[in-house]
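Structure at a glance
Here are the chains, one letter per residue:
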Amino acid sequence: MSSLESPLQENYVLKKKICVLGGVEDYKDEFQKELSSNALPIENKRNIGVNISKIDFSFKKNEKFEFLLWNIDCRQQRAYLRTIFYNGAEAIIILISETKVDQIIHYFNEIQARLPSVALVFCIILEQFTKEEIIYRHFKNEDFNSIIKSNNIQINEIFEPTDILDQICSTFLKKDKYKELDNSYIIDFIPLNFLFVHSDVSDDCNDYYEPETRNTKIIQQINTELLVDYILNLKLDVHFESANWLKIKNKNFGTFSIYLKNGNVYYFPKICEKCKDEKCLKVKKAPFFLCIEAGESTGWTNINGFDQIELLILTKILALKQGNENNLPKSVLKQIKNINMCEKIKK
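Residues numbered from 1 in each chain as written. Predicted model: local features only at pLDDT ≥ 70, side-chain atom pairs only at ≥ 80, totals over all residues. Heavy atoms only, no water.

A word on the pattern of salt bridges
Taken as a whole and judged by the stated rule, the model has eleven salt bridges. A salt bridge links Glu 25 to Lys 45; its shortest N-O distance comes to 2.5 Å. Here Lys 45 lies in helix H2 (residues 43-48) and Glu 25 lies in helix H1 (residues 25-35), a separation of 20 residues in the sequence. Take Lys 45: its relative accessible area is 4%, and that puts it in the buried class. Asp 73 serves as the salt-bridge partner of Arg 75, at 2.5 Å between the closest nitrogen and oxygen. The class of Asp 73 is buried, set by a relative accessible area of 0%. Look at the salt bridges and you will find they share partners, linking Glu 25, Lys 28, Asp 29 and Lys 45 into a network. (Salt bridge = Lys/Arg side-chain N within 4 Å of Asp/Glu carboxyl O. Helix = DSSP H or I, 4+ residues; strand = E, 2+ residues; numbered from the N terminus. Buried < 20%, exposed > 50% of the residue type's maximum accessible area, 1.4 Å probe, protein only.)

Quick notes on helix H8 (residues 224-234)
Where H8 is concerned, the buried positions are Leu 226, Leu 227, Val 228 and Ile 231. Residue Lys 235 follows H8 closely and has a positive phi angle near 55°.

Thoughts on the confidence of the model for the protein
For the protein, per-residue confidence averages 82 on the pLDDT scale, and residues scoring 70 or more make up 85% of the total. Segment residues 1-9: pLDDT under 50, and 29 contacts once partners within four positions in sequence are set aside and those in other chains are kept. Contacts from residues 296-300, a stretch scored under 50 in pLDDT, to residues over four places away or in other chains number four contacts. (pLDDT = per-residue confidence, 0-100. Contact = heavy atoms within 4.5 Å.)

Regarding the sheet that holds strand E10 (residues 245-250)
Read across the sheet, five strands follow the order E9-E10-E11-E12-E13 without closing on themselves; strand pairing throughout is antiparallel. Looking at strand neighbours, the two that pair on one side only are strand E9 (239-240) and strand E13 (288-290), the edges of this open sheet. Where E9 meets E10, two bridges bridge the pair, whose relative direction is antiparallel. Note that in E10 the partner of His 239 across the bridge is Lys 247. Contacts between helix H12 (residues 330-339) and the sheet are confined to strand E11 (254-259), strand E12 (264-269) and E13, with E13 contributing the most and set at about 165° to the helix. (Pairing = 2+ DSSP bridges. Axes fitted to C-alpha atoms, helices over the stretch in contact; angles between N-to-C directions.)

Some points on the packing of aromatic side chains
Here the structure, examined in full by the defined rule, presents 15 aromatic pairs. Ring centres of Phe 256 and Tyr 267 lie 4.9 Å apart, and the angle between their planes is 20°; this geometry places the pair in the stacked category. A residue pair is termed long-range when its members are at least 10 positions apart, and Phe 256 in strand E11 and Tyr 267 in strand E12 qualify at eleven residues. By relative accessible area, Tyr 267 is classed as buried at 0%. Each member of the aromatic cluster is reached from another via a ring pair, and the members are Phe 57, Phe 65, Phe 67 and Phe 172. Over the ring of Phe 172 we find Lys 16, and its NZ or CZ is 5.1 Å from the ring centre. (Phe/Tyr/Trp six-rings, centres within 6.5 Å; stacked < 30°, edge-to-face > 60°. Lys NZ or Arg CZ within 6 Å of the ring centre and 35° of its normal.)

This is the structure in structure tokens:
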């Protein structure tokens, strides 16, 4: 089995975190109630800025998902706080009022700076206007048109809130199968009366309030072309599985894979490579994510376009290729040791 293969098994439940943003707070609360099987009291959102619920969702026949839906307060008094709730999210749903369609640009730039690889779905709620009228009024704007074309944003008309979850599930399954997927950006249009069962819900959309960046980690876009060029010039003993996936064989630990677009590292243990137990749950779960982060140093380089984040990936490659129990960081060795605990051998 390739270090990147992780087929979805029958009765296997994928657990994912989804955030819900947007200035229509009452609509977001109703959206959460409509989809969730279990939810914390909505007072949590007013008190701490977020409310969490669970969605048990079946996609097509056998694919089952368990979503944690984080309904985040986007009002002005919570703007400084909301980005701390983004961590770990793999999809973002943003409900957009037809009266403030320009907020799409603001939220798009905000999410791109913090979660560039996330699945992003904008849902424009139609009350007085049609999809065609909104497109004519706003999408011909130069900035708007540029974002749509340069990012291959899909534009759809949907009629149920679960259609959004279908779109997200489809993205997750492709990513789970291929371990590589171009960013998924969608703009949906849905009439208000199709979004909620309760037709008496109304909401005056809040303005967009930019979160503070002083204490927020802004994710730098990785220059993958320059990074690949330097990896090839260094003639490292590594293997490109595709344009953005690099495989590293380590004689001590097994196989590491790095996704060059975001620097994420995945680990397929040596003990699992030798395992012949086809029913082993550990093998089915592999590869395992490894957390390897930069410290507080800003780093330096005199190579134009080659900054700390590219240097960090080069460092990971060199460290994982030659790594052993004496020279890898203790935090990384601890993760590897925990992953290599084989239940079968322990018995």
